[in-house]
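Read off the chains here:
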Amino acid sequence: MKKGINRIQIKREMKKRPSNSYPKLSFRVDTETKDELLEWVDSLYCHYLDRKGKDEYTVKKNDIIIEALKIGLQQIEHDIKKAPLLKKKDMSLEDWQRRNPKPKGKRNSLF
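Residues numbered from 1 in each chain as written. Predicted model: local features only at pLDDT ≥ 70, side-chain atom pairs only at ≥ 80, totals over all residues. Heavy atoms only, no water.

Visitor: A description of the overall build of the protein should follow, citing residues and the corresponding values.
Guide: Counting its secondary structure elements, the protein contains four helices and zero strands. Counted from the first residue to the last, the protein has its helices and strands arranged as α-α-α-α. Across the 111 residues of the protein, 7% fall into the buried class. The long-range share in the protein, meaning contacts at least 24 apart out of those at least 6 apart in sequence, stands at 52%. Carbon together with sulfur atoms contributes 55% to the accessible area of the protein, which is approximately 10,900 Å² in total. (Helix = DSSP H or I, 4+ residues; strand = E, 2+ residues; numbered from the N terminus. Buried < 20%, exposed > 50% of the residue type's maximum accessible area, 1.4 Å probe, protein only. Contact = heavy atoms within 4.5 Å. Areas by Shrake-Rupley, 256 points an atom, 1.4 Å probe, with all protein chains shown as cover.)

Visitor: Explain a nonpolar patch on the surface residue by residue, including any values.
Guide: On the surface, a cluster of nonpolar side chains totalling about 390 Å² of accessible area is made up of L37, W40, L44 and Y48. Counting through the fold element by element, L37 comes out in helix α2 (residues 31-50). Judged by its relative accessible area of 38%, L37 falls in the partly exposed class. (Patch = residues over 30% accessible without salt bridge, like charges linked within 9 Å, V, L, I, M, F, W, Y side chains within 5 Å. Salt bridge = Lys/Arg side-chain N within 4 Å of Asp/Glu carboxyl O.)

Visitor: How would you explain the pattern of salt bridges if you had to name every residue and give the values?
Guide: Applying the stated criterion across every chain, the model contains three salt bridges. A salt bridge links E77 to K81, with the shortest nitrogen-to-oxygen separation between them at 3.7 Å. Remark: K81 and E77 occur in helix α3 (residues 61-82); sequence separation between them is four residues, near one turn of the helix. Given the relative accessible area of 42%, E77 is considered partly exposed.

Visitor: So what about α2? Which residues, and what values?
Guide: For an α-helix, 3.6 residues make a turn, and residues three or four places apart therefore share a direction. With 20 residues, α2 should cover 28 Å at 1.5 Å per step; its first-to-last C-alpha distance of 28 Å lies within 8% of that length. The N-cap of α2, judged by a side-chain oxygen 3.2 Å from the amide nitrogen of E32 a few residues on, is D30. (Expected span 1.5 Å × (residues − 1). Polar contact = N/O pair within 3.5 Å; in protein donor to acceptor, adjacent residues only side chain to side chain.)

Visitor: So what's going on with a negative patch on the surface? Which residues, and what values?
Guide: Taken together, D30, E32, D35, E36 and E39 make up a surface patch of like negative charges. Structurally, D35 is set in helix α2. Since its relative accessible area comes to 45%, D35 is described here as partly exposed. (Lys, Arg positive; Asp, Glu negative; His and termini not counted. Charge placed at Lys NZ, Arg CZ, Asp CG, Glu CD.)

Visitor: How would you explain the environment of Y48 if you had to name every residue and give the values?
Guide: By the element assignment, Y48 lies in helix α2. Overall, the relative accessible area of 30% leaves Y48 in the partly exposed class.

Visitor: I'd love a proper account of the packing of α2 against α3, names of residues and values included.
Guide: Look at α2 against α3: their axes get within 9 Å of each other, and the N-to-C directions meet at 115°. For the pair α2 and α3, the sense of crossing is right-handed. Side by side, α2 and α3 meet where V41, D42, L44, Y45 and Y48 of the first sit next to K61, I64 and I65 of the second. Counted by class, the contact of α2 with α3 contains six nonpolar, no polar and two charged residues. (Axes fitted to C-alpha atoms, helices over the stretch in contact; angles between N-to-C directions. Left-handed = near helix turned anticlockwise from the far one by under 90°. Nonpolar A, V, L, I, M, F, W, Y, C, P; charged D, E, K, R; others polar.)

This is the structure:
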C-alpha cells in the first residue's frame, strides 16, 4: 500500500468485484458491544455518505471497519513495542507455538 494513502482512498479508485470473491472474517462479541460498534460504524457511514460526490466511490461499512482495525492494530503494536520485554527476545512463531500449545478438543477457528 502506498505510504500516506489509506484503504478508503484506494477503494475509491478500484473497480467493483462480486462479494463472494472475498474471504470472510468473523469473530464473536456480546450483544451490547456489537450494538455499540455497529452504531459507531453506521454513524461514520452516514458521515461519508453526506460528503460523497456524485461520481465518487461509495464507502462501505466493511471499508470503515477494516480501516479502524488497521489503525487500532498499528496503535496496539506501537504501544506493545514500547513496553518492557520480560521474555525471550526475537522468538519465532514456531517457538511461540511450542511454548503456548493450543488446547486439545477445540475446533480450528479464526480466534
